[in-house]
Amino acid sequence: MRNAAGALMPTRPVTRRGALVGGALVVGGVLAGRTEWAGAAAPSPTDVRILNLALELEELERGFYAAAVRGGALRGELSEYARVVLGHESQHVALLRQVLGAKADPAPRMRFGAAATNEKAFVAAAIALEDAVVAAYNGQAANLSPAVLAAAARIVSVEARHAAWIRAIAGKPPAQDPTDPLWTERQVGVAIQKLGFLR
């Protein structure tokens, strides 16, 4: 079915899952377009520092969702959420490592405990982690060079969808406030330490 402009229209309502799978296509497009980095200037020292902060967060997310999927305690939409988001985070890690190359930090050592094996603990941790990641990307955006910022913007929009999805599953408003906080590197570090995921 097409609209007046000739564009294809969906034949059924868009679900939360459909929106997130669509986000996967956006991330896939970022990875498919990785050749754009070939002609771009090398990341500056500031870019490298911030991208490694983002990489640590993405590694934490990937590790967290992988542990939760392996744990087998999640059911229904929570299980679907973890599996879909794990795919996204794996692609985010791949993109950041591709951009950083030899300057990428190694993956941190992680532990997740009950957050990966108990549904209630998983939901609380997922909300805190996704909110922290969005605040970190937004807070550091102004410090990035234009080319690197363009790639980060493609990631943070998907991360915001993750945050909205897990909040909706938990019965919470997808967006608590009209604007998001902009976190410093120190604020990000404090939030991650509170989660207790780093060994």
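Residue indices follow the written sequence of each chain, beginning from 1 at its first position. Reporting of local features is limited, given that this is a predicted model, to residues whose pLDDT is at least 70; pairs of side-chain atoms are given and counted only at 80 or more, and all residues count toward the totals for whole chains, interfaces and linings. Only hydrogens and water are set aside; all other atoms, that is, all heavy atoms of the structure, feed into the side-chain values.

1. Things to note about the confidence of the model for the protein
Confidence of the predictor in every single residue is expressed as pLDDT, which spans 0 to 100. Put simply, the protein has an average pLDDT of 84, and 79% of its residues get 70 or more. A run of H or I in DSSP counts as a helix once it spans at least four residues, and a run of E counts as a strand once it spans at least two, with each numbered from the N terminus. By mean pLDDT, helix α1 (residues 16–32) is the weakest element of the protein at 44, and helix α2 (residues 45–71) is the strongest at 97. The criterion used for residue contact is that any of the two residues' heavy atoms lie within 4.5 Å. Note on residues 19–39: pLDDT is under 50 here. Beyond four places in sequence and across chains, it has 30 contacts.

2. Re the pattern of salt bridges
Only one rule defines a salt bridge in this text: a Lys or Arg side-chain nitrogen within 4 Å of an Asp or Glu carboxyl oxygen. This model, assessed by the stated rule, comprises four salt bridges. Put simply, E185 and R49 hold a salt bridge, and the shortest N to O gap is 3.0 Å. Remark: R49 occurs in helix α2 and E185 occurs in helix α6 (residues 185–195); sequence separation between them is 136 residues. Type-normalised accessible area, obtained with a 1.4 Å probe on protein chains alone, sets the label of each residue: buried when under 20%, exposed when over 50%, and partly exposed for intermediate values. Looking at E185, the relative accessible area reads 30%, which means it is partly exposed. Put simply, R62 and E59 hold a salt bridge, and the shortest N to O gap is 2.9 Å. In this pair, R62 and E59 are both assigned in helix α2, three residues apart and thus about one turn of the helix distant.

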